[in-house]
Amino acid sequence: MSFIGVEVKKTVPYNKVVKHVNPKLYEDLWEYAKATWNITDDHGKIVTLSKAKSIMRKFRYKLRKNYVYKDESPDKDKDKTPENDTSNDPFETYDYLDSELWGSFVAIVDSEEWKETSRKAKKSAEQNTDPSHVGHCGFSGLEPHVESRWNQLVSSYPILDLIQDDRSKMYTVSRAPFNPVTKLYELSEHFVSEGELKGTLKKLSIQKCELLDPYDQGAPTVIGMGHVHPSPERIIHNGPIIDGFVKVQIDRVVEGCEGIRLLPESCIPVAVEFLEDAKGNFIQWPAKSIKFADKQFSHNTIEHVSFTKPDEPVRACKRTEPVVASNPLKEKTKVSKEKTKVLNLLEKARARPQSIYELAQQLAIQSDKALSIVFTSLTGMYEERIEETVEFEAVIQLCVNDWIDACFVHWFTMYLYATGGQEGLNNTAYFHPRYIEGGLVSDDVEFVIDHIRNVISFHKDKQWFMAPHIAGSFSYACSKHWILVILQHHPIYNTWMGYLFDSNKSLKEPPDYRITHVFERAIQKKITWDKVDCRLQPNRWECGYCVMMAMYDFVICNREHILVNKTRMVRQSEINEFVERTLKVFISSFRHGEEDG
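Residues numbered from 1 in each chain as written. Predicted model: local features only at pLDDT ≥ 70, side-chain atom pairs only at ≥ 80, totals over all residues. Heavy atoms only, no water.

A. Spotlight on the overall build of the chain. In terms of helices and strands, the chain carries 19 helices and 21 strands. Classification of the 597 residues of the chain by burial places 46% in the buried group. Excluding contacts between residues fewer than 6 apart, the proportion of contacts in the chain whose partners are at least 24 apart in sequence is 66%. When the accessible surface of the chain is totalled, it reaches about 31,200 Å², and 50% of it is carbon and sulfur. (Helix = DSSP H or I, 4+ residues; strand = E, 2+ residues; numbered from the N terminus. Buried < 20%, exposed > 50% of the residue type's maximum accessible area, 1.4 Å probe, protein only. Contact = heavy atoms within 4.5 Å. Areas by Shrake-Rupley, 256 points an atom, 1.4 Å probe, with all protein chains shown as cover.)

Rendered as structure tokens:
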């Protein structure tokens, strides 16, 4: 990083904060690094430029501390070196600094906005009571040393035996700095005190608990004892742990409670019916019906992706008509038919891999309670928060290689937006799949254009715009076909690039797709189009899966290089892996969605 550190200080104006720097400077810096060090791909681009921006932030802080406010620096009486000599002129220490920018730099770092940002950063840092000690190589560099350091920590703190999960062990090791005096890795009293685990480590440890009757609506009744086993992966018996449940090992059943029937969600697969039969086994148990000593388990500690319901009204899709049940008997018949469809899909799922079949089971259990669930987009995704009703039948279709409905694709875009925000990757905006679908383009193109303009106007700071789109298929008899459009906006030059992904191998070019002309009408600029070599579908049903995998690769995996990937046939194993991973996320989020809805 020394090469990048020097070059970024020479290249990027020091009188501008990161958000005001021309992004092309960083792009050019990466290209220069590639040429200098003969780098042939962009795998390290995101990490390298992220660190380059961090270096510039620290450099600005050093200039401010050492030269603008040097008299206030707590380090002013320390031995001076060229790096901290506050009496030197900054242009002597850093001969590449542009002296003409110094006046504006001083004005910026003396502004109230800068000071307020600094105060917030310091406050946030002070609240971090669990700093990691992983070194410059990060967790990947720590991984080879986890076992040896863990064994040393357990010998020093035997209580750590209560932590069994591998990821929890790595977390613990990462929080143990090396003591040069004792020559040991040690944990602070914040984690271990008087032989007891504290704070986060206590939450990661196996804990004795009492099981409360989940059916009892009155005073809590203890019906058994066991141990709660933390599971950061949220997995039990090769299937997902349902949101609001925890992994429990049953040790003892209170006399007279042996015949209590377990909740349907308790076991995956369903092989145990009564509490007595669960002794010695791992099952799922409602978090609200767990008691540690004299307090209940808080299921708010369980992490999941959720989309909360807004207070303000949301905008409904223009083409969606309200469903009114005019006859109760007809409504019951309709529900019965829907349940029959779910059962038929579940039967088809038996032929799929066991892990996917078990996910289908979980979805079927939820569909028995409600046919659908409502999710709401996060604040900031659209100009107004928008609801999406996802039918469980449509989700189970993923388990049997069936068509992917627009409702699930829209949920998936919500998930990408939420996860991108958590990971700091949210430089992507999304068009509503229902508001740009092919049928609406034919029936009311002005509505589509208005939606495109609204999204672009609302996300002026975004570089990438993603549009999963249902278009007509000219090669197959079916009338619907998923494609993906990714737009790239260059803010400096105000130019647009468009990348089109179509898994249906054909000779069609971007101008042959009607949606490309709609985007140009909405933006009122010529878009330079490129048809991307992407995953191809060997059959008729894979298009939606190829689109969603491309979206995931681009947003979560930071694989901008997919824009120049080579064409290849998508494999069934790829789809299986994607479906399993995605449905686990969905299942972990819908219970929270029910509570908010």
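B. Structural detail: the nonpolar core. Counting 95 residues, the largest nonpolar core has Phe408, Phe431, Leu487, Phe519 and Phe586 as its most contacted members. The element contributing the most residues to this core is helix H18 (residues 543-555), with 11 residues. (Core = buried A, V, L, I, M, F, W, Y, C linked by side-chain atoms within 4.5 Å.)

C. Seen up close, the packing of aromatic side chains. This structure, assessed with the given rule, holds 25 aromatic pairs. Aromatic rings pair up to connect Phe375, Phe408, Trp411, Phe412, Tyr415, Phe578 and Phe586 into one cluster. Across the ring face of Phe282, the terminal group of Lys247 is positioned such that the distance to the ring centre comes to 4.8 Å. Its end group placed over the ring of Tyr552, Arg581 keeps NZ or CZ at 4.2 Å from the ring centre. (Phe/Tyr/Trp six-rings, centres within 6.5 Å; stacked < 30°, edge-to-face > 60°. Lys NZ or Arg CZ within 6 Å of the ring centre and 35° of its normal.)

D. Focus on the pattern of salt bridges. Overall, the coordinates contain 14 salt bridges when judged by the stated rule. For Asp405, the salt bridge goes to Arg434, with nearest N and O atoms at 3.8 Å. Of this pair, Asp405 sits in the loop between helix H13 (392-396) and helix H14 (406-422) while Arg434 is found in the loop between strand E15 (428-430) and helix H15 (438-443), placing the two residues 29 residues apart along the sequence. On the accessibility criterion, Asp405 (25% relative accessible area) is partly exposed. The exposure class of Arg434 is partly exposed, given its relative accessible area of 21%. Here Glu574 and Arg568 are joined by a salt bridge, their closest N and O atoms 2.8 Å apart. (Salt bridge = Lys/Arg side-chain N within 4 Å of Asp/Glu carboxyl O.)

E. Structural context of unusual backbone geometry. Residue Lys183 is not a glycine yet carries a positive backbone phi of 60 degrees. Looking at the element boundaries, Lys183 is found in the loop between strand E1 (178-179) and strand E2 (184-185). Residue class for Lys183 comes out exposed when judged on its relative accessible area of 57%. One non-glycine residue, Gln524, lies in positive phi territory at about 60 degrees.

F. Inspection of the packing of helix H16 (residues 445-458) against helix H17 (residues 514-523) at higher detail. In the contact formed by H16 and H17, the axes pass within 9 Å of each other and the chain directions differ by 60 degrees. By the angle class used here, H16 and H17 are oblique. For H16 against H17, the interelement crossing comes out right-handed. Across from Val445, Glu446, Val448, Ile449, Ile452, Arg453 and Ile456 in H16, the residues of H17 making contact are Val518, Phe519, Arg521, Ala522 and Ile523. Its residues placed into classes, the contact of H16 with H17 shows nine nonpolar, no polar and three charged. (Axes fitted to C-alpha atoms, helices over the stretch in contact; angles between N-to-C directions. Parallel < 35°, antiparallel > 145°, perpendicular 65-115°, else oblique. Left-handed = near helix turned anticlockwise from the far one by under 90°. Nonpolar A, V, L, I, M, F, W, Y, C, P; charged D, E, K, R; others polar.)

G. Representation of the pairing of strand E16 (residues 464-471) in the model. Counting buried positions over the eight residues of E16 gives eight, a clear majority of the element. Because side chains alternate across E16, one face comprises the buried residues Trp464, Met466, Pro468 and Ile470, and the other comprises Phe465, Ala467, His469 and Ala471, equally buried. Pairing of E15 with E16, which is carried by three bridges, proceeds in the parallel orientation. By the bridge assignment for E16, Ala429 is matched with Phe465. Note that E16 and strand E17 (residues 481-490) share eight bridges and pair antiparallel. If you follow Phe465 over to E17, its bridge partner there is Leu487. (Pairing = 2+ DSSP bridges.)

H. Spotlight on the environment of Leu398. Here Leu398 is to be found in the loop between H13 and H14. Relative accessible area serves as the criterion here: at 0%, Leu398 is assigned to the buried category. In this structure, the C-alpha to C-alpha distance between Leu398 and Phe408, residues 10 residues apart in sequence, is 9.6 Å. Excluding its chain neighbours within four sequence positions, the residues that come into contact with Leu398 are Ile404, Phe408, Tyr545, Val579 and Leu583.

I. Molecular detail of the environment of Tyr67. In this fold, Tyr67 is placed in helix H3 (residues 45-68). On the accessibility criterion, Tyr67 (11% relative accessible area) is buried. In this structure, the C-alpha to C-alpha distance between Tyr67 and Val106, residues 39 residues apart in sequence, is 9.5 Å. Side chain to side chain, Tyr67 and Thr93 meet in a polar contact 3.2 Å long. (Polar contact = N/O pair within 3.5 Å; in protein donor to acceptor, adjacent residues only side chain to side chain.)

J. Region of the structure containing the side chain of Thr582. As for its position among the elements, Thr582 is in helix H19 (residues 572-596). A relative accessible area of 4% means that Thr582 is categorised as buried. Within the structure, Thr582 has its side chain in polar contact with the backbone oxygen of Phe578 (distance 2.8 Å). Beyond its immediate sequence surroundings of up to four residues, Thr582 is in contact with Phe408, Trp411 and Phe412.

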